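Each chain is listed here by its residues.
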Number of protein chains: 2
Amino acid sequence: MKKALAFDIGGTKIYSTIINEDGEIISEIDKFSTPKTLDGIKDVLKKQILKYEDKVDCIAIATAGAVNNENTAVIGSTGNLVKGYFTIDFQKLSSKKVFLENDANAAAWAEYKIGSSRGSKVSVLLTLGTGVGGGIIINDKLLKGKSGAAGEMHFKMYPDKRRKCTCGSYDCFEIYASGTALKLDAEETLNDKSVTTYDVIEGLKSGDKKMTEIFNRWQNDITVGIKGLVNLFDPDCVVLSGSMAQFVNTKKIEEGVNEDLVVPPTSIRLATAGNYSGMIGAALLAMQK
Amino acid sequence: MKKALAFDIGGTKIYSTIINEDGEIISEIDKFSTPKTLDGIKDVLKKQILKYEDKVDCIAIATAGAVNNENTAVIGSTGNLVKGYFTIDFQKLSSKKVFLENDANAAAWAEYKIGSSRGSKVSVLLTLGTGVGGGIIINDKLLKGKSGAAGEMHFKMYPDKRRKCTCGSYDCFEIYASGTALKLDAEETLNDKSVTTYDVIEGLKSGDKKMTEIFNRWQNDITVGIKGLVNLFDPDCVVLSGSMAQFVNTKKIEEGVNEDLVVPPTSIRLATAGNYSGMIGAALLAMQK
């Protein structure tokens with residue numbers, strides 16, 4: 001059975017492990033803080049590759065940032081990673097084939113192959129974390145667009161420039177549906193810069209009225225955004241993944257989404273492929289190439 | 001060379017003509033007011049079919065409403081057409097193969113084959129008319145979704161229910177980017193129910209300050225909506241079609257869209273396949289099947 005050495009390169013951490021063709025993790029998960037320099041990142045990758053490349057068929061990297069249609073490089077800049085990250089020649093780091101995919105795209109693929117969107121012709125995955133990522137699968141293929149960057153969840157929630165997004169534009173879905181957004185919602189409502197996402201979640205759990213209102217506004221924004229995506233893609237399901245997904249009420253979101261669609265109803269589901277779905281998806285994609 | 005008897009069935013008019021494999025219109029355009037009954041619509045189609053079906057290889061229908069993935073029937077209800085329209089068994093009307101596609105999808109296909117998105121791997125077409133239609137092409141295929149209804153331009157411009165859309169939901173792109181929307185913008189700004197789309201366009205042309213402001217708000221809403229679509233689909237181009245498209249400044253929209261995208265820049269273009277692009281696209285799709 002084929003095996004891939006997989007990486008997940010994010011703004012804070014780099015993870016690495018070995019994954020087989022069934023999408024099973026078959027070795028330890030190695031963890032590193034993401035270095036703040038290009039050489040630092042390359043060194044982490046090189047050391048892991050040196051250690052494991054003889055045991056695997058290919059290298060599979062799930063990464064922050066958009067990945068080109070050739071799956072060889074990151075295109076453009078990625079807010080959370082060191083400047084010039086997109087200049088790394090990943091193939092140079094190994095004698096084995098190196099395959100890259102955007103982390104949310106890779107997670108969407110993992111859900112499609114071994115997770116909660118298995119058997120779905122058309123699915124949309126949202127990663128609700130510090131930011132919001134997206135991965136869209138249409139008839140057994142990831143939606144990549146002309147340059148590989150498709151699936152970015154930066155459609156607008158207001159047309160008139162209210163809240164600046166991390167991308168530099170205004171009012172993107174990401175800045176209303178992320179963990180960061182929940183904190184901003186709370187800051188605005190309570191007029192208190194020190195309030196945290198954690199405070200809102202704890203308040204929600206203990207039945208605090210104000211915190212519940214703040215949470216409901218955030219969940220409504222997520223619902224409204226998903227409704228637009230469902231009218232565009234007519235998907236079998238929308239999968240919610242990422243650290244914030246555990247807090248939302250998927251049943252309530254599903255009811256809200258389905259109440260006034262133009263297309264037939266859809267299903268809203270939590271991801272089931274686990275915390276390392278990015279590595280699993282990248283590995284499965286790399287091995288099928 | 002193959003030929004198709006083509007129809008365009010809209011809420012107000014039904015058009016019909018014959019189209020060849022090159023997408024050329026090779027007979028008169030017949031025009032009918034759309035009957036208000038099911039039998040009335042069927043009668044118009046039957047008469048045309050009886051007259052022409054011996055001369056063609058297939059029947060191609062561009063229609064309002066979503067069309068299923070088998071291209072045989074309309075699914076769900078269509079606001080502008082008679083109730084129960086989706087129950088029509090179109091294949092029964094002819095001994096030749098009958099092929100249906102949504103009118104905006106068909107127009108997108110015509111632009112892709114003989115119009116302004118020719119050669120584009122990924123393109124989005126918007127029909128800006130009384131309403132807004134959408135057709136999305138990804139790698140030589142129309143985006144259809146699980147049930148055939150994908151490409152509906154009912155993503156939300158506000159999350160908090162301001163303006164009711166014709167679809168029954170609130171704040172859809174359609175109700176901010178259509179001709180109807182421009183009238184609503186003017187009504188709200190001028191507090192005058194009698195103002196028309198025509199008044200705004202005339203005011204814009206003559207340099208009226210208020211009307212120019214109203215027009216610019218409308219054009220900005222279109223720009224903001226397209227920006228979201230471009231971040232989602234990463235298209236080579238966005239094509240603007242329909243009766244309102246002639247009034248927008250595509251260069252200004254393109255600059256606005258490209259100024260803060262997450263994906264690489266795109267191109268905004270006017271449609272060039274003409275007023276009968278729906279029939280042309282449906283005919284080309286039907287003949288390639």
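Residues numbered from 1 in each chain as written. Chains lettered and ligands numbered in written order. Predicted model: local features only at pLDDT ≥ 70, side-chain atom pairs only at ≥ 80, totals over all residues.

Moving on: the overall build of chain A. Each helix and strand in chain A was counted, giving eight helices and twelve strands. For a compact globule of 289 residues, the expected C-alpha radius of gyration is about 19 Å, and chain A comes in at 19 Å, within 12% of that figure. Expressed as lengths along the three principal axes of its C-alpha atoms, the size of chain A is roughly 55 × 40 × 35 Å. Split into buried and exposed, the 289 residues of chain A put 52% on the buried side. Taking all contacts inside chain A whose residues are at least 6 apart in sequence as the whole, residues at least 24 apart take part in 62%. (Helix = DSSP H or I, 4+ residues; strand = E, 2+ residues; numbered from the N terminus. Rg over C-alpha atoms; globule rule 2.2 N^0.38 Å. Buried ≥ 20, exposed ≤ 12 C-beta atoms within 10 Å, placed from the backbone. Contact = placed C-beta atoms within 7 Å.)

All names here are of chain A. Spatial ordering of the open sheet is given by β3-β2-β1-β4-β7, a layout of five strands whose pairing is mixed. The sheet is open, and its two edges are formed by β3 (30-33) and β7 (97-102), each paired on a single side. Neighbour-to-neighbour, the strand axes of the sheet open up by a mean angle of 20°, direction not taken into account. Summarising the sheet, strand β4 (residues 58-63) and β7 pair through six bridges and their orientation is parallel. Opposite Ile-59, over in β7, you have Val-98 as the bridge partner. Of the strands in this sheet, β1 (3-9), β4 and β7 touch helix α2 (residues 103-114), which is tilted by about 95° from β7. Contacts from helix α8 (residues 277-288) reach β1, β2 (13-20), β4 and β7 within the one sheet, and its direction differs from that of β4 by about 135°. (Pairing = 2+ DSSP bridges. Axes fitted to C-alpha atoms, helices over the stretch in contact; angles between N-to-C directions.)

For the pair chain A and chain B, the relating rotation is 180°, the translation along its axis is 0.0 Å, and the fit reaches an RMSD of 0.0 Å. What we have between these two chains is a two-fold relation. The overlap is high: 100% of the interface residues of chain A also sit at the interface in chain B, so the same surface is used on both sides. (Least-squares fit on C-alpha atoms with pLDDT ≥ 70 in both.)

Glancing now at α2(A). Residue and element names in this part refer to chain A. With twelve residues, α2 should reach 16 Å at 1.5 Å per residue; the first-to-last C-alpha distance of 16 Å fits that figure. Burial analysis of α2 places ten of its twelve residues in the buried class, which makes it a mostly covered element. If you check which residues of α2 are buried, you get Asp-103, Ala-104, Asn-105, Ala-106, Ala-107, Ala-108, Trp-109, Ala-110, Glu-111 and Tyr-112. (Expected span 1.5 Å × (residues − 1).)

Regular strands have side chains that alternate between both faces of the sheet. Residue and element names in this part refer to chain B. Among the seven residues in strand β1 (residues 3-9), six count as buried, and that is most of the element. Bridge analysis of β1 against strand β2 (residues 13-20) gives seven bridges, and the strand direction is antiparallel. Among the inter-strand pairings, Phe-7 is bridged to a residue of β2, identified as Ser-16. The turn joining β1 and β2, which pair antiparallel and follow one another in sequence, is formed by three residues.

Although it is not a glycine, Asp140(A) adopts a positive phi angle of roughly 70°. Looking at the element boundaries, Asp140(A) is found in the loop between β9 (132-138) and β10 (141-142). The phi dihedral of Lys161(B) is positive, around 50°, even though this residue is not glycine. Among the structural elements, Lys161(B) can be located in the loop between β10 (141-142) and α3 (174-177).

Turning next to the nonpolar core. With 184 residues, the main nonpolar core has Ile61(A), Ala282(A), Ala283(A), Ile61(B), Ala282(B) and Ala283(B) as its most contacted residues. Excluding residues that lie within four positions of it along the chain, Ile61(A) makes contacts with Phe7(A), Ile9(A), Phe90(A), Val98(A), Phe99(A), Leu100(A) and Ala282(A). (Core = buried A, V, L, I, M, F, W, Y, C linked by C-beta atoms within 7 Å.)

Time to look at the packing of helix α6 (residues 209-233) of chain A against helix α7 (residues 250-258) of chain A. Residues and elements named next belong to chain A. At a minimum axis separation of 9 Å, α6 and α7 run at an interaxial angle of 50°. Judged on the interaxial angle alone, α7 and α6 are oblique. The element α6 and its partner α7 pack so that their crossing is right-handed. For the pair α6 and α7, contact is made by Gln-219, Ile-222, Thr-223, Ile-226, Lys-227 and Val-230 and by Ile-253, Gly-256 and Val-257, respectively. Counted by class, the contact of α6 with α7 contains five nonpolar, three polar and one charged residues. (Parallel < 35°, antiparallel > 145°, perpendicular 65-115°, else oblique. Left-handed = near helix turned anticlockwise from the far one by under 90°. Nonpolar A, V, L, I, M, F, W, Y, C, P; charged D, E, K, R; others polar.)

On to the domain arrangement of chain A, then. All names here are of chain A. What the domain assignment reports for chain A is domain 1 (3-107 + 275-288) and domain 2 (118-270). On a C-alpha basis, the centroid separation for the pair domain 1 and domain 2 is 26 Å. Across the boundary between the two partners, domain 1 contributes eleven residues, which contact 13 residues of domain 2. The set of elements that each furnish at least two residues to the side of domain 1 that touches domain 2 consists of β5 (66-67) and α2. The dominant element in the side of domain 1 that touches domain 2, judged by the number of residues it contributes, is α2, at four residues. Along the lines of polarity and charge, the residues of the side of domain 1 that touches domain 2 split into five nonpolar, five polar and one charged. (Domains from an automatic or database assignment.)

Right, let's get into the interface of chain A and chain B. Chain A puts 36 residues into the contact, and the matching count from chain B is 36 residues. For the side of chain A that touches chain B, the element with the highest residue contribution is α6(A), accounting for eight residues. In terms of residue class, the side of chain A that touches chain B is built from 18 nonpolar, nine polar and nine charged.

Here we take up the environment of Ser27(A). Residues and elements named next belong to chain A. Examined against the element boundaries, Ser-27 turns out to sit in the loop between β2 and β3. Through-space distance from the C-alpha of Ser-27 to that of Ser-16 is 9.3 Å; in sequence the pair is eleven residues apart. Among residues more than four places away in sequence, those in contact with Ser-27 are Thr-17 and Ile-18.

The subject of this paragraph is helix α4 (residues 179-190) of chain A. Residues and elements named next belong to chain A. The end-to-end C-alpha separation of α4 is 17 Å, in line with the 16 Å expected for twelve residues at 1.5 Å each. Along α4, the residues that are buried comprise Gly-179, Ala-181, Leu-182, Lys-183, Asp-185 and Ala-186. Here the buried face of α4 lies against α3 (174-177), α5 (197-205) and α6.

Residue and element names in this part refer to chain B. Within the open sheet, the five strands sit side by side as β3-β2-β1-β4-β7. Their pairing is mixed. Looking at strand neighbours, the two that pair on one side only are β3 (30-33) and β7 (97-102), the edges of this open sheet. Direction aside, the axes of adjacent strands within the sheet are offset by 20° on average. The pairing of β1 with strand β4 (residues 58-63) spans six bridges and is parallel. Within β4, the residue paired with Leu-5 across the bridge is Ile-59. Along the sheet face, helix α1 (residues 38-52) touches β1, β2, β3 and β4 and points at about 165° away from the line of β1. Contacts from helix α8 (residues 277-288) reach β1, β2, β4 and β7 within the one sheet, and its direction differs from that of β4 by about 135°.

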